[in-house]
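Here's the letter readout for the chains.
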2 protein chains.
Amino acid sequence: MGQALRVALAGLGTVGAGVVKLLDVNREIVERRAGRRIEIVAVSARDRSRDRGIDLSRFAWCDDAAELASRDDVDVVVELIGGADGPALTLARRTIAAGRHFVTANKAMIAHHGIGLAGDAETAGVALKYEAAVAGGIPVIKGLREGAAANAIGRVYGILNGTCNYILTTMEAEGRDFAEVLGEAQRLGYAEADPSFDIDGVDAAHKLSILASLAFGTRIDFDAAAVTGIRHVIAADIAQAQALGYRVRLVGLAEASPEGSSTAGLFQRVHACLVPHAHPLAHVAGSLNAVVAEGNFVGRLLFQGRGAGEGPTASAVVADLIDIARGEYGPAFAMPVASLAAMAPAHSGDRRGRAYLRFSVADRPGVLAEIAAAMRDAGVSIESLIQRGATPEGGVLVAMVTHEGPERAVTDALARLEGSSSLLGTPMMMHILDV
Amino acid sequence: MGQALRVALAGLGTVGAGVVKLLDVNREIVERRAGRRIEIVAVSARDRSRDRGIDLSRFAWCDDAAELASRDDVDVVVELIGGADGPALTLARRTIAAGRHFVTANKAMIAHHGIGLAGDAETAGVALKYEAAVAGGIPVIKGLREGAAANAIGRVYGILNGTCNYILTTMEAEGRDFAEVLGEAQRLGYAEADPSFDIDGVDAAHKLSILASLAFGTRIDFDAAAVTGIRHVIAADIAQAQALGYRVRLVGLAEASPEGSSTAGLFQRVHACLVPHAHPLAHVAGSLNAVVAEGNFVGRLLFQGRGAGEGPTASAVVADLIDIARGEYGPAFAMPVASLAAMAPAHSGDRRGRAYLRFSVADRPGVLAEIAAAMRDAGVSIESLIQRGATPEGGVLVAMVTHEGPERAVTDALARLEGSSSLLGTPMMMHILDV
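Model, not experiment: these values are computed from the prediction.

### Brief notes about the overall build of chain A
- From N to C terminus, chain A includes 13 helices and 17 strands.
- Taking 2.2 N^0.38 as the reference for a compact globule, 435 residues should give roughly 22 Å; the C-alpha atoms of chain A span a radius of gyration of 24 Å, in line with that estimate.
- Dimensions along the principal axes, computed over C-alpha positions, put chain A at roughly 80 × 50 × 35 Å.
- The buried share of chain A, taken over its 435 residues, is 61%.
- Relative to all contacts within chain A whose residues are 6 or more apart in sequence, the contacts with residues 24 or more apart total 74%.

Structural data, given as structure tokens:
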């Protein structure tokens, strides 16, 4: 048994407390698997006196997290402060510069600064690990970096935000509308008081951009992701989707343009999608997360589990620590930073697919003809259409599913209808995921 | 970019050819991810002249696979010969003794000799890797060894044999009987001419015993697994299960006795099970594999994908080679062999659960009373019972689901009925998986 791996923990919220508990409860099995003890020696948090249900007296306390980076008795710093910049980033840079390993659950920081930090870690010869930053306890960073490493990946996609999935599957189960379910989720603590990072898709996009880098061997390009959330999904969308054999899920998807296409590049999108019942993502309910990677030799791999919370996130953080304790680590993004490509963003218009469209229209003659004409003129072929029920705007609901065609045609059709007095609200468009 | 990792390949069947193709097709991405080239330098197979659709002239040829172990130009030997003993085991021992890394897809050999080989590899300071031995392309060895390493695992279980899952899901979709679907699967090449390793559960048990070692930190104990296959599943079982809200799957399950139980130990079973529709394994169709691990912090993790075939298996083999090329490897069973516990086998009778029972009975008065009395006398409580239709033996089918109770009570009830002239065939019993 070697020397203990000495850990400093910055941030003692839910996840930080979870890491302390895990290393207490599973001490023996972690030590056997890691080949050495993993010991917290120092901690830092904003409020020393808060009761977290754990005994902190055995650890050194630092008021300033940045001090942890340069303690002589520390081998690894675990950052659980959060935020793309600020104290978290300062701590990351100082820790790596001081020649110590760095573990984080911080998706925003990795999405924005991960490649720079990986370069620093390479230079310093230390580990930069972030399993907990994507999909909580599911080992999907490892699954892409190592498990699927032999494959050229065509697509990577998944359900990356448990709050959105909880809201959508609750709307589905109970036929209720978005605002009502969100309010309840906030009261129950399943959604933040300011839920916009979750429900507008930003959190999922952070995770997606990290997965895309691993899948395609590219530099992270968070800004290139097209991101919309789930605010505009209404109960009727979910009911129509159900009737047509689909479920509505917020899906983050990254895809490399097929070889030989005129516009090679990387496409990244976070969007509410219609998922066919036969697709495994249709069965991912509640706050679960799931990630699919499609490789040219392995085929479709699915990883599913709990994407957030004290236990799952702590599990991922300590898995990173065990890798470090074993000496089993290497380039953070699967290859040296110099080998990562910079892929141009691909445009959605070049993609082909099917779409769901929903309009709230005035209840008067000629409206359907107007919509149908816009579709025809844009070259959109309608597979099925249903006109039923009232909408929140007091109009009539028209929902349709298109045949496969270029996405730009659907965008064009919607542009043709813009400003029409027949439309009572902004039309809703959702892409349909292939089986 | 470091020196190339030089590979010798023993066995050029479907998987061997797949490894050659993968390293050709994905050469560039594999080299970037591995940080160095991975190059096959020598091969061995039974028949040099067979057309495998790949150019072998660029590799050195060895008639005797064992020669590969001691070639000076080889860093890793990949064994794809198969068989628990014989040439595969000889090659493994010689390769490790010669101080070279060893990668295999051979579940039978790992189940029987894996711990011994892991000890040899530790002594020699080389890697022993076997991701392809369990669930083909799904990185489940890595998922347990590393991804879930921070957890005490309560249960690990899954669908580990694609042939059985193909047969069961085809029976389910088409309402046909076992023998008919097996025959068709054999004609289509989905099942072996001698299918007994698959359909009698031996293949799944090999894989299960390996997963159990990783999950529980124990020495592999293949002989302790209770194994039955799917030969005795009839179309009516699947139909009854469906009507009750279940699907029939061959499930390999390993479970540690809860702490404090009178009979601590490890329980391993491969058995046709009723899986509730709400459980993710119920949606695993065709030849897919899936593995679930339940950890005390991470909760339930699911890994799903293609469990066999050229591409997926080659993907797993090359993932192992990439780990070796990166220098990211360590103890084969997650911890040094000396740290692995030897857990006593736990007895099924000590477990509690629900069961499905199906009887083929003579169509005469008093038979149902006889069965019901045996259940009562053994302390088995019946939740639902259905008597319907004819059985292959010309009798009447009686199917029931029990309430939760000790498994030994069900065994006792069946023992009480043994030899009864009312029964026209051996009763069928399947356990019911908890959601």
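### With respect to helix α9 (residues 202-216) of chain B
Residues and elements named next belong to chain B.
- If you check α9, its first and last C-alpha atoms are 21 Å apart, about what 15 residues at 1.5 Å a residue would give, namely 21 Å.
- Of all 15 residues that make up α9, 14 are buried, and the element is covered over most of its length.
- Just past α9, the residue Gly-217 takes up positive phi, approximately 65°.

### A few points about the pairing of strand β7 (residues 153-159) of chain B
Residue and element names in this part refer to chain B.
- Most of β7 is tucked away: six of the seven residues are buried.
- Pairing analysis gives six bridges linking β7 to strand β11 (residues 288-295), with the strands arranged antiparallel. Paired with Ile-153 across the two strands is Gly-295, which belongs to β11.
- Sheet analysis places β7 next to strand β9 (residues 246-256), joined by four bridges and oriented antiparallel. Residue pairing for β9: Arg-155 is matched across the bridge by Glu-255.

### Brief notes about the relation of the copies chain A and chain B
- Each copy superposes on the other: chain A lies on chain B with an RMSD of 0.0 Å after a rotation of 180° and an axial shift of 0.0 Å. Given the turn and translation reported, the copies of this chain are related as if by a two-fold rotation axis.
- A share of 100% of the interface residues of chain A reappears at the interface of chain B, consistent with the copies meeting face to face through the same patch.

### Details of the interface of chain A and chain B
- With 55 residues of chain A at the contact, the number on the chain B side is 55 residues.
- Counting the surface chain A buries against chain B, the share from its top three residues, Arg-32, Arg-33 and Phe-297 of chain A, is 18%.
- Remark: the boundary between chain A and chain B carries four salt bridges.
- Inspection of the chain A/chain B interface yields 28 residue pairs in polar contact (both at pLDDT 80 or more).
- Those elements that provide at least two residues to the side of chain A that touches chain B are α1 (14-25), α2 (27-34), α5 (140-147), α9 (202-216), β12 (299-306) and α11 (310-326) of chain A.
- In terms of strand pairing, β12 of chain A meets strand β12 (residues 299-306) of chain B through three bridges, oriented antiparallel. Bridge pairing links Gln-304 of chain A to Leu-302 of chain B in β12 of chain B.

### As for the environment of Ser-384 of chain A
Residues and elements named next belong to chain A.
- Tracing the sequence through the fold places Ser-384 in strand β14 (residues 382-390).
- On the basis of relative accessible area, Ser-384 is assigned to the partly exposed category, the value being 23%.
- Once residues lying within four places of it in the same chain are set aside, the contact partners of Ser-384 are Leu-244, Ala-399, Met-400 and Val-401.

### Digging into the sheet that holds strand β1 (residues 5-10) of chain A
Residues and elements named next belong to chain A.
- The six strands lie next to each other as β3-β2-β1-β4-β5-β6, forming an open sheet whose pairing is parallel. The sheet terminates laterally at β3 (60-62) and β6 (128-129), the two strands that pair on one side only.
- Strand direction decides the pairing type here: strand β4 (residues 76-79) and strand β5 (residues 101-104), joined by four bridges, are parallel. Bridge pairing in β5 places Val-76 opposite His-101.
- Packed onto the sheet, α11 meets β1, β2 (38-44), β4, β5 and β6 and runs at close to 160° relative to β5.

### Brief notes about the domain arrangement of chain A
Residues and elements named next belong to chain A.
- If you check the domain split of chain A, you get domain 1 (5-137 + 317-332), domain 2 (140-306) and domain 3 (351-432).
- The centre of domain 2, based on its C-alpha atoms, is set 24 Å off from the matching centre of domain 3.
- Contacts between the two partners involve 17 residues from domain 2 and, on the opposite side, 17 residues from domain 3.
- Summing both partners gives a buried area of about 1500 Å² for domain 2 against domain 3, and 59% of it is carried by carbon and sulfur.
- Where domain 2 packs against domain 3, one counts three salt bridges.
- When the shortest N-O distance is used, the salt bridge between Glu-255 and Arg-351 registers 2.8 Å.
- Counting the contacts that link domain 2 with domain 3 gives nine residue pairs in polar contact (both at pLDDT 80 or more).

### Section: the pattern of salt bridges
Residues and elements named next belong to chain B.
- Within the structure shown, the criterion is met by 70 salt bridges over all chains.
- Lys-142 is the salt-bridge partner of Glu-146, the closest N and O atoms lying 3.1 Å from each other. Here Glu-146 pairs with Lys-142, and both are found in helix α5 (residues 140-147), just four residues apart, close to one helical turn.
- For Glu-146, a relative accessible area of 3% gives the class buried.

### What about the sheet that holds strand β4 (residues 76-79) of chain B?
Residue and element names in this part refer to chain B.
- Taken in spatial order, the six strands make up an open sheet running β3-β2-β1-β4-β5-β6, and their pairing is parallel. On the outer flanks of this sheet lie β3 (60-62) and β6 (128-129), each paired with one strand and no other.
- With two bridges connecting them, strand β5 (residues 101-104) and β6 associate as parallel partners. Residue pairing for β6: Val-103 is matched across the bridge by Lys-129.
- Along the sheet, helix α3 (residues 86-97) makes contact with β1 (5-10), β4 and β5, crossing β5 at roughly 155°.

### Looking at the nonpolar core
- Counting residues in hydrophobic clusters, the biggest one holds 182 residues, and the most contacted among them are Val-233 and Phe-333 of chain A together with Val-233 and Phe-333 of chain B.
- Here Val-233 of chain B is in contact with Leu-168, Met-171, Phe-178, Ile-238, Val-248, Ala-272, Met-428 and Met-430 of chain B, once residues within four sequence places are set aside.
- Within the second largest apolar cluster, 38 residues are counted, among which are Val-7, Leu-12, Leu-23 and Ile-54 of chain B.

### A closer look at the packing of aromatic side chains
Residues and elements named next belong to chain A.
- Scanning the entire structure with this criterion turns up five aromatic pairs over all chains.
- Here Tyr-166 and Tyr-190 contribute two aromatic rings whose centre-to-centre distance is 4.8 Å and whose plane-to-plane angle is 75°, an arrangement assigned as edge-to-face. Of this pair, Tyr-166 sits in helix α6 (residues 162-174) while Tyr-190 sits in the loop between α7 (178-188) and α8 (196-199), placing them 24 residues apart in sequence.
- A residue is classified by how much of its surface remains accessible, and Tyr-166, at 16% relative accessible area, is buried.

### Describing the environment of Gly-116 of chain B
Residues and elements named next belong to chain B.
- Position of Gly-116 relative to the elements: it lies in helix α4 (residues 107-124).
- Classification of Gly-116 by relative accessible area gives partly exposed; the value is 44%.
- Separated by 117 residues in sequence, Gly-116 and Val-233 place their C-alpha atoms 37 Å apart.

### Some words on unusual backbone geometry
- In this structure, Ala-135 of chain A takes a positive phi of about 60° despite not being glycine.
- Along the chain, Ala-135 of chain A turns up in the loop between β6 and α5.

### Considering the packing of α6 of chain A against α7 of chain A
Residues and elements named next belong to chain A.
- It is the contact of α6 with α7, at a shortest axis distance of 10 Å, that shows an interaxial angle of 125°. Taken together, α6 and α7 sit at an angle that is classed as oblique. Regarding α6 and α7, the two cross each other, and that crossing is right-handed. Taken together, the residues of α7 that come into contact with α6 (itself represented by Tyr-166, Ile-167, Thr-170 and Met-171) are Phe-178, Val-181, Leu-182, Glu-184, Ala-185 and Leu-188.
- Residues that form the contact of α6 with α7 fall into these classes: eight nonpolar, one polar and one charged.

### Structural notes on the side chain of Ser-360 of chain B
- With respect to the helices and strands, Ser-360 of chain B occurs in strand β13 (residues 352-361).
- Residues in contact with Ser-360 of chain B, not counting those within four places in the same chain, are Thr-391, Glu-393, Gly-395, Val-396, Ser-422, Leu-423, Leu-424 and Gly-425 of chain B.

### Here's the deal with helix α12 (residues 367-378) of chain A
Residues and elements named next belong to chain A.
- In a regular helix each residue adds 1.5 Å, so 12 residues correspond to 16 Å; α12 covers 17 Å between its end C-alpha atoms and thus fits that length.
- Among all positions in α12, only Val-367, Ile-371, Ala-374, Met-375 and Ala-378 are buried. Looking straight down α12, one finds its buried side chains confined to an arc of 100°; they lie on one side.
- Against β13 (352-361), β14, β15 (396-402) and α13 (407-417) lie the buried residues of α12.
- A positive phi of about 80° marks Gly-379, the residue just after α12.

Parameters and conventions
Residues numbered from 1 in each chain as written. Chains lettered and ligands numbered in written order. Predicted model: local features only at pLDDT ≥ 70, side-chain atom pairs only at ≥ 80, totals over all residues. Heavy atoms only, no water. Helix = DSSP H or I, 4+ residues; strand = E, 2+ residues; numbered from the N terminus. Rg over C-alpha atoms; globule rule 2.2 N^0.38 Å. Buried < 20%, exposed > 50% of the residue type's maximum accessible area, 1.4 Å probe, protein only. Contact = heavy atoms within 4.5 Å. Expected span 1.5 Å × (residues − 1). Pairing = 2+ DSSP bridges. Least-squares fit on C-alpha atoms with pLDDT ≥ 70 in both. Buried area = accessible area lost by both parts, 1.4 Å probe. Salt bridge = Lys/Arg side-chain N within 4 Å of Asp/Glu carboxyl O. Polar contact = N/O pair within 3.5 Å; in protein donor to acceptor, adjacent residues only side chain to side chain. Axes fitted to C-alpha atoms, helices over the stretch in contact; angles between N-to-C directions. Domains from an automatic or database assignment. Core = buried A, V, L, I, M, F, W, Y, C linked by side-chain atoms within 4.5 Å. Phe/Tyr/Trp six-rings, centres within 6.5 Å; stacked < 30°, edge-to-face > 60°. Parallel < 35°, antiparallel > 145°, perpendicular 65-115°, else oblique. Left-handed = near helix turned anticlockwise from the far one by under 90°. Nonpolar A, V, L, I, M, F, W, Y, C, P; charged D, E, K, R; others polar. Arc of directions from axis to C-beta.

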